[in-house]
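Listed below, chain by chain, are the residues.
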Amino acid sequence: SLSYACFLSLLLKIGQVDEAIPLAMKAIMKGSIDANCGNILIDSLAKRNRLDLSCKIFQRMRRGPCKPNLIAYNILINYLGEARRVIQACNIFHLMKRDGLKPDVTSHLSLINILRKNGKVSLAHEYFKELKLLVGKPSAVAYACLIDSYGRAGKEIQALKIYDEMKENEVHPDVVVYSTLFRILGQARNAIAANRLLGEMRYKKCEPDLQTYNQMIDCFGRNGWIQKAFDIFGEMRRNGTCPDTVTYSILINSLGSKGEALKAFELFKEMVSEGFHPNVITYNSMIKALARANFYEQAFQLYEQMPIHECQPDAITFSILLDMCTDHCDAKRSARLFNDLKAADVTPD
RNA sequence: CCGGGCUUAGUAUGGGAA
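To keep things clear, this report deals only with the structure shown in the data block. (Residues numbered from 1 in each chain as written. Chains lettered and ligands numbered in written order. Predicted model: local features only at pLDDT ≥ 70, side-chain atom pairs only at ≥ 80, totals over all residues. Heavy atoms only, no water.)

Take helix H11 (residues 175-187) next. Along its 13 residues, H11 runs 18 Å from first to last C-alpha, staying within 8% of the 18 Å computed at 1.5 Å per residue. Burial analysis of H11 places 10 of its 13 residues in the buried class, the great majority of the element. Elements that come into contact with the buried residues of H11 comprise helix H9 (140-152), helix H10 (156-168), helix H12 (191-203) and helix H13 (210-221). Positive backbone phi, approximately 60 degrees, marks Arg-189, located one or two places after H11. (Helix = DSSP H or I, 4+ residues; strand = E, 2+ residues; numbered from the N terminus. Expected span 1.5 Å × (residues − 1). Buried < 20%, exposed > 50% of the residue type's maximum accessible area, 1.4 Å probe, protein only. Contact = heavy atoms within 4.5 Å.)

Structural data, given as structure tokens:
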């Protein structure tokens, strides 16, 4: 059976899908393909964007002598989710029960995650409750998922409620939970709650990772609490967490939104001199900061020097610069930008 | 009995619209 699967995977690998499928179908009916091999087939077909065939294999196995196992269902749920086929993913979940299998933690998390990404908060919460019945104490991962669902739906209060419930249940928040909450609070402009959260995190002696540091800095920075943002920036380096391009972009944005274009530019130079590579987003942020503070020429200089760091201007770069030209009634530069825009391989939006 | 494999969570930039 294993060699069967290897042979079939090989056919798939070299693109002989049309040869492999009929062989696979016959082998399944003969019972020559066990559950594990079926999983390999289902997975590799889905990876090759042949989800339809994965489903066919799966259905054939359900009727054949060797039934698919729980992992097969989980794989399908996952790929259906990636294809944004939310309803079908839910159907597979229920099919699992009808076929006498018990959805496990992964099945639940996978489905909750799909619903989260597709904005179905209340459904996500339903399945979360089901998960709770299954395991009693959902993991921090599950809580993070649900909190993020509410966050993406703009339901800050509900997200915080879930966080409270999590603490009542004595599930220890991890860095992902904290960083998710910092993002939600940052977007909700709730720096007070964020500060409280920071206190809790320190009290629990939770060591932030790079991404969490970035999220915290962004949270305070975007709400005008620049000092706090830089304090955390300093703390992070003292703790031996090396900032990255994202960290600097965040700080540049924070300063830019406060009109501190010169300080932002100092930081930009500092990051380059320390060997960090600005990317398009860093450049866009810096250009926007200059634009906001009316440093017209400097903004264009920065645009011109983007190739130094192998950065291609994108739709956002052009949009910032064109807006600026409009404000300055600079038709010549507008025209030149339009030429650059056409020459550049930009996906317009 | 032990071990292993496949499936699950969080970061930065513009304008417009609601």
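Of note, the phi angle at Arg-189 is positive, near 60 degrees, even though the residue is not glycine. By the secondary structure assignment, Arg-189 is in the loop between H11 and H12. Since its relative accessible area comes to 56%, Arg-189 is described here as exposed. The backbone of Lys-205 shows a phi angle near 60 degrees, a positive value even though the residue is not glycine.

This brings us to the pattern of salt bridges. Scanning all chains against the criterion turns up 18 salt bridges. Here Arg-237 ties to Glu-270 by a salt bridge, and the two come within 3.8 Å at their closest N and O atoms. Within this pair, whereas Arg-237 is found in helix H14 (residues 226-238), its partner Glu-270 is found in helix H16 (residues 261-273), the two being separated by 33 residues in sequence. Residues Lys-263 and Glu-260 are paired through a salt bridge, measuring 3.7 Å at the closest nitrogen-oxygen approach. The partly exposed category is assigned to Glu-260, whose relative accessible area is 31%. (Salt bridge = Lys/Arg side-chain N within 4 Å of Asp/Glu carboxyl O.)

A few words on the protein's contact with RNA strand B. The full set close to RNA strand B counts 39 residues, and Ile-71, Thr-106, Leu-109, Thr-212 and Asn-284 are the nearest of them. When atoms of RNA strand B within 4 Å of the protein are split into backbone and base, the sugar-phosphate part holds 47%. For RNA strand B, a phosphate oxygen lies 3.0 Å from a polar atom in the side chain of Arg-183. Measuring from a base nitrogen of RNA strand B, one finds a side-chain N or O atom of Thr-212 at 2.4 Å. It is H11 that provides the largest number of residues to the surface near RNA strand B, a total of five residues. Across the surface near RNA strand B, the residue classes tally to 12 nonpolar, 17 polar and 10 charged. (Near = heavy atom within 4 Å. Polar contact = N/O pair within 3.5 Å; in protein donor to acceptor, adjacent residues only side chain to side chain. Nonpolar A, V, L, I, M, F, W, Y, C, P; charged D, E, K, R; others polar.)

Two elements in contact, H10 and H11, have axes whose closest approach is 10 Å; the angle formed by their N-to-C orientations is 155 degrees. By the angle class used here, H10 and H11 are roughly antiparallel. Judged by the twist between their axes, the crossing of H10 over H11 is left-handed. Residues Glu-156, Ala-159, Leu-160, Tyr-163 and Met-166 of H10 lie in contact with H11, whose contacting residues are Val-177, Tyr-178, Leu-181, Ile-184 and Leu-185. When its residues are assigned to classes, the contact of H10 with H11 shows nine nonpolar, no polar and one charged. (Axes fitted to C-alpha atoms, helices over the stretch in contact; angles between N-to-C directions. Parallel < 35°, antiparallel > 145°, perpendicular 65-115°, else oblique. Left-handed = near helix turned anticlockwise from the far one by under 90°.)

Counting residues in each nonpolar core, the largest one holds 112 residues, and the members touching the most others are Ile-57, Ile-147 and Phe-182. Ignoring any residue separated from it by four or fewer positions in sequence, one finds Phe-182 in contact with Ala-194, Leu-197, Leu-198, Met-201, Gln-215, Met-216, Cys-219 and Phe-220. (Core = buried A, V, L, I, M, F, W, Y, C linked by side-chain atoms within 4.5 Å.)

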